[in-house]
Protein chains: 2
Amino acid sequence: MAKEMTKIPRATLKRLPLYYRFVNTLKAKGENRVNSKAISEGLNIDSATIRRDFSYFGELGKKGYGYNIDNLLDFFKSELSDAEEIRIGIVGVGNLGHALITYNFSIHDDMTITEAFDIRPEVIGKSIGNVTVKPLSEMNEIINKQKLEVVIIATPESAAQAVTDQLVEAGIKGILNFTPKRVQVPQSVQVHQIDLGVELQSLLFFMKNYSSTLKA
Amino acid sequence: MAKEMTKIPRATLKRLPLYYRFVNTLKAKGENRVNSKAISEGLNIDSATIRRDFSYFGELGKKGYGYNIDNLLDFFKSELSDAEEIRIGIVGVGNLGHALITYNFSIHDDMTITEAFDIRPEVIGKSIGNVTVKPLSEMNEIINKQKLEVVIIATPESAAQAVTDQLVEAGIKGILNFTPKRVQVPQSVQVHQIDLGVELQSLLFFMKNYSSTLKA
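Scoring rules and cut-offs
Residues numbered from 1 in each chain as written. Chains lettered and ligands numbered in written order. Predicted model: local features only at pLDDT ≥ 70, side-chain atom pairs only at ≥ 80, totals over all residues. Heavy atoms only, no water. UniProt positions renumbered as here; feature names shortened; annotations may be inferred. Helix = DSSP H or I, 4+ residues; strand = E, 2+ residues; numbered from the N terminus. Contact = heavy atoms within 4.5 Å. Pairing = 2+ DSSP bridges. Axes fitted to C-alpha atoms, helices over the stretch in contact; angles between N-to-C directions. Buried < 20%, exposed > 50% of the residue type's maximum accessible area, 1.4 Å probe, protein only. Domains from an automatic or database assignment. Core = buried A, V, L, I, M, F, W, Y, C linked by side-chain atoms within 4.5 Å. Least-squares fit on C-alpha atoms with pLDDT ≥ 70 in both. Buried area = accessible area lost by both parts, 1.4 Å probe. Salt bridge = Lys/Arg side-chain N within 4 Å of Asp/Glu carboxyl O. Polar contact = N/O pair within 3.5 Å; in protein donor to acceptor, adjacent residues only side chain to side chain.

Identification of chain A as Redox-sensing transcriptional repressor Rex from Staphylococcus americanisciuri is taken from an unreviewed UniProt entry. UniProt, in its Sequence similarities (unreviewed entry) section for chain A, records the words "Belongs to the transcriptional regulatory Rex family." The record held by UniProt for chain A lists under Subcellular location (unreviewed entry) the comment "Cytoplasm".

Here it is, written out as structure tokens:
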């Protein structure tokens, strides 16, 4: 299949998981096609934006007919990974790491945490579900052997940059960073950060400005 | 203190945690003031956007002098909450809930999870750090008595809407939803969602489009 190599703009990519989820819901309801108006109403995004976004996805629809749902789902899946199963590693098996290993990421896709790493002797060798914690010193070798695509960092903040450097060296192209540390990486590596303290602050800022009734 | 009741625009609010964190870093380094150029370089946001954003924050700087760091921090803190300590509840004490209770949210602010709720008899009564898990049936009373500002939902997806409805009834104005369920609330309530599956998908979409070297 000749796939065009045009990059999808970042703003469009940010909406892709929403589209993916919405179209999946329609599929589960037995629908075969969807038009931009229905997506617009379902997601509260204006339909001009949706038509522009979907124009980057290739020939997935016909004018007046809408988009074919199976084609859309195939496209979204192809944009996640070329692999059948998406294999994820995690570094740092504290409380949060433990919770992430047992978390069901794979609601719609075959995304599984298959490897876990830590430096603490009391944690190494422990089994959590199907995952056995291995020493960090073996990480680079295992990343390559097991073809991990993404690694999650759930270490203490102070270890985040050193772990990141090791991941970059091992050839990892995607990092999900759960520490508050803003790690530095080369341009070829994507880092998404989930900073729980910042998320809470952000919610409080919105509450203060948009939830309260106006006071005199 | 007469504070203007003009709402801060949503786009500006989204950047507030970044500004807050950056200014805190400068404070820790012993700085007294900062100008928009330094913030622009530190955060990679253009300085016109920064000047416009900061114009909503009131009279915090002088032309040619920059912004006073203590004033900025006081302002950011006042936008988080009127309370000295921000008290947070959590519903659902599975692996993720347990990890969140032990997570250190309070790097810069007094944000603490002080109450936890569950419906499972085997979990109710358990102590995690300083928090004892209480039955969900007592939640509304405790929310009001303990003046909780925010409640985190870490239940199974299937329980999320019912818990949300109960929180709205109890008068909660801010919900941090860790389930994949898009919960419905009245306009006066703010919900921020952290959907870990969507975050992983989003990272994979970015990797596919921005990490790989171009193939012919």
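Okay, back to it.
Participant: Is there a simple way to think about the environment of L43 of chain B in this case?
Facilitator: Residues and elements named next belong to chain B. For L43, the position within the fold is in helix 2 (residues 36-43). Each C-alpha atom of the pair L43 and V23 lies 11 Å from the other, and the pair is 20 residues apart in sequence. The residues touching L43, leaving out its near neighbours within four places in the chain, are L18, Y19 and F22.

Participant: It is not clear to me how the sheet that holds strand 6 (residues 127-128) of chain B should be interpreted in this structure. Could you clarify?
Facilitator: Residue and element names in this part refer to chain B. The strand order across the open sheet built from seven strands is 6-7-5-4-8-9-10, with neighbouring strands paired in mixed fashion. Unpaired on one side and paired on the other, strand 6 and strand 10 (190-193) mark the two borders of the sheet. Contacts between helix 7 (residues 160-169) and the sheet are confined to strand 4 (86-91), strand 8 (150-153) and strand 9 (174-177), with strand 8 contributing the most and set at about 170° to the helix.

Participant: Would you mind showing me how to read unusual backbone geometry here?
Facilitator: Comment: phi is negative for the bulk of residues other than glycine, and the bulk of peptide bonds are trans. All names here are of chain A. Of note in the backbone geometry, N44 takes a positive phi value of approximately 60° without being a glycine. Following the sequence through the fold, N44 ends up in the loop between helix 2 (36-43) and helix 3 (47-55). Given the relative accessible area of 72%, N44 is considered exposed.

Participant: Please explain the domain arrangement of chain A as it appears in this structure.
Facilitator: Taken domain by domain, chain A consists of domain 1 (10-78) and domain 2 (86-199). Computed from C-alpha atoms alone, the centre-to-centre distance between domain 1 of chain A and domain 2 of chain A is 31 Å.

Participant: Teacher, can you tell me more about the nonpolar core here?
Facilitator: The nonpolar side chains of a soluble globular protein tend to be buried with one another. Counting residues in each nonpolar core, the largest one holds 106 residues, and the members touching the most others are Y19 and L100 of chain A together with L100 of chain B. When residues no more than four places from it in sequence are discounted, the contact partners of Y19 of chain A are I39, L43, I45, T49, I50, D53, F54, F57 and F76 of chain A.

Participant: Is there a simple way to explain the relation of the copies chain B and chain A in this structure?
Facilitator: Mapping one chain copy onto the other needs a rotation about an axis and a shift along that axis. For the match of chain B to chain A, the screw axis carries a shift of 0.0 Å, the RMSD comes to 0.0 Å, and the turn is 180°. Taken together, the rotation angle and the small translation identify this as a two-fold axis. Here 100% of the contact residues of chain B are again contact residues in chain A; the copies associate through an equivalent surface.

Participant: How should I be thinking about the interface of chain B and chain A in this particular structure?
Facilitator: Interfaces are often sized by the accessible area lost when the parts come together. Contact with chain B, which involves 65 residues of that partner, is made by 65 residues of chain A. Summed over both partners, the interface of chain B with chain A buries about 6,500 Å², with 68% contributed by carbon and sulfur atoms. Among the residues chain B hides against chain A, the three largest losses belong to F205, F206 and Y210 of chain B. Together they make up 12% of the total. Residues R21 of chain B and D195 of chain A are paired through a salt bridge, measuring 2.5 Å at the closest nitrogen-oxygen approach. The interface formed by chain B and chain A holds 18 residue pairs in polar contact (both at pLDDT 80 or more) in total. For the side of chain B that touches chain A, the secondary structure elements donating two or more residues are helix 1 (10-28), helix 4 (69-80), strand 4, helix 5 (95-102), strand 9, strand 10 and helix 8 (196-210) of chain B. Considering every element that reaches the side of chain B that touches chain A, the biggest residue donor is helix 8 of chain B, with 15 residues.

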